[in-house]
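The lines below spell out each chain.
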Amino acid sequence: MGNSTSTPPARLPKDFMWGFATASFQIEGSTDKDGRGKSIWDDFSRTPGKTRDGGNGDIATDSYARYKEDIALLRQYGVRAYRFSIAWPRIIPLGGRADPVNERGIQWYSDFIDELIKNGITPFVTLYHWDLPQALHERYGGWLNREVVADFEHYARVCFAAFGDRVKYWLTMNEPWCVSVLGYGRGVFAPGRSSDRARSAEGDSSTEPWIVAHHVILAHASAVRAYRESFKPKHGGVIGITLNGDWALPYDDSPENVAAAQHALDDPIYLGHYPDFMHEMLGERLPVFTPDELTLVKGSSDFYGMNTYTTNLCKAGGDDEFQGLVEYTFTRSNGTQLGTQAHCAWLQTYPQGFRDLLNYLYKKYKKPIYVTENGFAVKDEHAMSLEDALHDADRVEYFRGMTDAIARAVAEDGVDVRAYFPWSLLDNFEWADGYETRFGVTYVDYVTQKRYPKDSGKFLAKWFAENVENSGSTTPRLSTGGA
Ligand code: GBH
């Protein structure tokens, strides 16, 4: 593949989808409105010590109440699509397949989807972005119990039936690795189970993450089968999963580090089985798919859905099973850094890695790629004045590199990338980081809830207006000023 960045790449095709991504618990607030049940993040985030600044999701960006304002903002940016998630406990407050469906929750998302469509914006829906109904956790241990597979499938069917006439793009799960490892291994995300007794009173990090991941995969695949059998024939949409997939470079040329980088890239959904090194690492602790389940899982995504933020240099070794016994670093063997450091320790800017990842995945799996998240948190942005935060130069640099990488992957390397969703429309509730880490292209003043487009948001609006073949539908209107 080429590395040239001197000439401008060709424009993206006119059906290329771009827009911003968000997730229900990170933006909605209104946690007690319209019959919503509790999610595992409600109590977890309200428990002292679980989020860095003590923040919780009770108000967030107040987007449940302000949804028309948010959609007007999306329109100002000129997006063609919007990726958001549905909160399971708003649809089925107690979560289970025998529990009542909440018509008010359905009505809200239905109105929301109508408002998007009225504004020419394509809805792109995630069914599960980490807000499991608390009732299922209490009833049978949530993701730890096989029961959850049928309950998730039922919830998915309710959503397909209610919204499938208007929603043609579905994601079942956001990042199974985070659900499993961060929720049930490291215990830093809800429900916060871990063998580390300083974090959690309960949990077994040697087995639970793998059990949870197994159920998440089966729940995903069951929902996909339901969609393909009962809804796709009349609705004609596409469905898949999104994984957190960062590019992996070997730290150096040694065979063990080259193998380590490969381990960091392998996953069971697209391979259709657990990778060999997982068997070696976990032995009896790795759950087993029956032959029927393997058939169910294999091919269970119509596209390669991927949240990607950075590139890691990989070294074999260490004892962290959650990273497949691979150590990550951003410091090259010559002591230099891979890229610009973000506010989060795990994130540096490295656009060439993004282009290489797109090429690798397309050659390996030959499926269209939907980039469902990509973004950057500027260091100490939370402590800046509004004026300084709006001039988010490091985020602009990040998106300049990433958009160039996408355009070149498509136009010069022939990779079939269909969508790009920068994370995120708004600064929002950043899970265990609370409100301290800001990923928005729009600044949110949490006192007034006013939204202010940052330079990065304006950059993206302009870039996509200029670099996608014009379909004549949307034009950014940021000259009219802030929101
Ligand atoms: C996304 O995950 C999430 O989908 C989104 O909700 C979130 O707001 C966004 O990232 C920004 O963080 O420090 O060892 O605990 C991106 C993938 C994987 C990145 C887990 C952070 C933390 C690893 N994430 N990782 S650790």
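Since this is a predicted model, take the numbers as computed values, not measurements. (Residues numbered from 1 in each chain as written. Predicted model: local features only at pLDDT ≥ 70, side-chain atom pairs only at ≥ 80, totals over all residues. Heavy atoms only, no water.)

Got a minute to help me understand the overall build of the protein chain in this structure?
The helix and strand inventory of the protein chain stands at 17 helices and 13 strands. What you see for the protein chain is a C-alpha radius of gyration of 21 Å, in line with the 23 Å of a compact globule of 483 residues. Considering only C-alpha atoms, the protein chain reaches an extent of 60 × 55 × 50 Å along its principal axes. Residues classed as buried in the protein chain amount to 60% of the 483 residues present. Excluding contacts between residues fewer than 6 apart, the proportion of contacts in the protein chain whose partners are at least 24 apart in sequence is 77%. Total accessible area on the protein chain is roughly 18,100 Å²; 51% of this is exposed by carbon and sulfur atoms. The distance from the centre of the 51 positive side-chain charges to the centre of the 65 negative ones in the protein chain is 5 Å. (Helix = DSSP H or I, 4+ residues; strand = E, 2+ residues; numbered from the N terminus. Rg over C-alpha atoms; globule rule 2.2 N^0.38 Å. Buried < 20%, exposed > 50% of the residue type's maximum accessible area, 1.4 Å probe, protein only. Contact = heavy atoms within 4.5 Å. Areas by Shrake-Rupley, 256 points an atom, 1.4 Å probe, with all protein chains shown as cover. Lys, Arg positive; Asp, Glu negative; His and termini not counted. Charge placed at Lys NZ, Arg CZ, Asp CG, Glu CD.)

Looking at this structure, how should I read the site of the ligand?
Taken together, 18 residues form the shell around the ligand, and within it Gln26, His129, Arg186, Glu430 and Trp431 come nearest. Separating an oxygen atom of the ligand from a side-chain N or O atom of Gln26 is a distance of 2.8 Å. Side-chain polar atom of Glu373 to an oxygen atom of the ligand: 2.9 Å apart, as the coordinates give it. Its free accessible area being 580 Å², the ligand has 81% of it covered by the protein chains. Residue contributions to the shell around the ligand peak at 3 residues, all from helix 8 (residues 176-184). Here the residues of the shell around the ligand are counted per class, giving 9 nonpolar, 5 polar and 4 charged. (Near = heavy atom within 4 Å. Polar contact = N/O pair within 3.5 Å; in protein donor to acceptor, adjacent residues only side chain to side chain. Nonpolar A, V, L, I, M, F, W, Y, C, P; charged D, E, K, R; others polar.)

Whenever I open this one, the nonpolar core confuses me. Can you help?
In summary, soluble globular proteins display a tendency toward joint burial of nonpolar side chains. Within the largest apolar cluster, 147 residues are counted, with the highest numbers of intra-cluster contacts made by Trp143 and Phe152. At 11 residues, helix 9 (residues 208-235) tops the list of elements feeding residues into this core. (Core = buried A, V, L, I, M, F, W, Y, C linked by side-chain atoms within 4.5 Å.)

Just to check I follow, could you spell out the pattern of salt bridges for this structure?
Oppositely charged side chains can pair when the atoms bearing their charge come close. One pass over the structure, following the stated rule, counts 39 salt bridges. With its nearest N and O atoms 2.6 Å apart, the salt bridge here joins Glu28 to Arg90. Placement of Glu28 in the loop between helix 1 (24-27) and helix 2 (40-46) and of Arg90 in helix 4 (residues 88-91) is noted, with a sequence separation of 62 residues between them. In this structure, Glu28 and Arg90 share a single accessibility class: buried. Here Arg157 ties to Glu153 by a salt bridge, and the two come within 3.0 Å at their closest N and O atoms. Taken together, the positions of Arg157 and Glu153, both in helix 7 (residues 147-163) and 4 residues apart, correspond to about one turn of that helix. By relative accessible area, Arg157 is classed as partly exposed at 29%. Look at the salt bridges and you will find they share partners, linking Arg36, Lys38, Asp42, Asp43, Arg46 and Asp58 into a network. (Salt bridge = Lys/Arg side-chain N within 4 Å of Asp/Glu carboxyl O.)

Honestly, unusual backbone geometry in this entry has me stumped. Any pointers?
Residue Ala190 is joined to Pro191 through a cis peptide bond whose omega torsion reads 5 degrees. Its location among the elements puts Pro191 in the loop between helix 8 and helix 9. Cis geometry marks the peptide bond from Trp423 to Ser424, where omega comes out at 10 degrees. Along the chain, the position of Ser424 falls in the loop between strand 11 (417-420) and strand 12 (442-445). In this structure, Asp62 takes a positive phi of about 55 degrees despite not being glycine. Relative to the helices and strands, Asp62 resides in the loop between helix 2 and helix 3 (67-77). By relative accessible area, which is 17% here, Asp62 ends up buried.

Please clarify how the packing of helix 8 against helix 9 should be interpreted in this entry.
Relative placement of two packed helices is described by the angle separating their axes and the distance separating the axes. At a minimum axis distance of 8 Å, the contact between helix 8 and helix 9 shows a crossing angle of 150 degrees. In this view, helix 8 runs roughly antiparallel relative to helix 9, as classed from their interaxial angle. Here helix 8 runs over helix 9; the crossing is right-handed. Contact with helix 8, carried on its side by Pro176, Val179, Ser180, Val181 and Tyr184, involves Glu208, Pro209, Val212, Ala213 and Val216 of helix 9 and no other residues of that element. Split by residue class, the contact of helix 8 with helix 9 holds 8 nonpolar, 1 polar and 1 charged. (Axes fitted to C-alpha atoms, helices over the stretch in contact; angles between N-to-C directions. Parallel < 35°, antiparallel > 145°, perpendicular 65-115°, else oblique. Left-handed = near helix turned anticlockwise from the far one by under 90°.)

What is the right way to look at the pairing of strand 2 (residues 81-85) in this model?
One face of the sheet, then the other: side chains in a regular strand alternate in exactly this way. The element strand 2 is largely enclosed, with a buried count of 5 among its 5 residues. Burial along strand 2 is two-sided: the residues Ala81, Arg83 and Ser85 and Tyr82 and Phe84 are all buried. Direction of pairing for strand 1 (residues 17-21) relative to strand 2: parallel, over a ladder of 3 bridges. Bridge pairing in strand 2 links Gly19 to Ala81. Note: strand 2 against strand 3 (residues 122-128), 5 bridges, orientation parallel. (Pairing = 2+ DSSP bridges.)

Looking at this structure, how should I read the packing of aromatic side chains?
Given two aromatic rings, their pairing is described by the distance between the two centres and the angle made by the two planes. In the structure shown here, the tally under the stated rule is 57 aromatic pairs. An angle of 20 degrees between the planes, with centres 6.2 Å apart, marks the rings of Trp346 and Phe439 as stacked. Highlighted residues: Trp346 in the loop between strand 9 (326-329) and helix 14 (351-365) and Phe439 in the loop between strand 11 and strand 12, separated in sequence by 93 residues. Phe439 gets classed as buried once you look at its relative accessible area, which sits at 2%. Ring plane angle 40 degrees and centroid distance 6.4 Å describe the contact between Phe354 and Tyr420, whose orientation is recorded as tilted. With Phe354 in helix 14 and Tyr420 in strand 11, this residue pair connects regions lying 66 residues apart in the sequence. (Phe/Tyr/Trp six-rings, centres within 6.5 Å; stacked < 30°, edge-to-face > 60°.)

Sorry if this is basic, but what is going on with the side chain of Gln26 here?
Along the chain, Gln26 turns up in helix 1. Judged by relative accessible area, which is 0%, Gln26 ranks as buried. Looking at Gln26, its side chain comes within polar contact range of the main-chain oxygen of Phe429, at 2.9 Å. Looking at Gln26, its side chain comes within polar contact range of the side chain of Trp431, at 3.3 Å. Discounting residues that sit within four places of it in the chain, Gln26 has contacts with Ala60, Thr61, His129, Trp423, Asn428, Phe429, Glu430 and Trp431.

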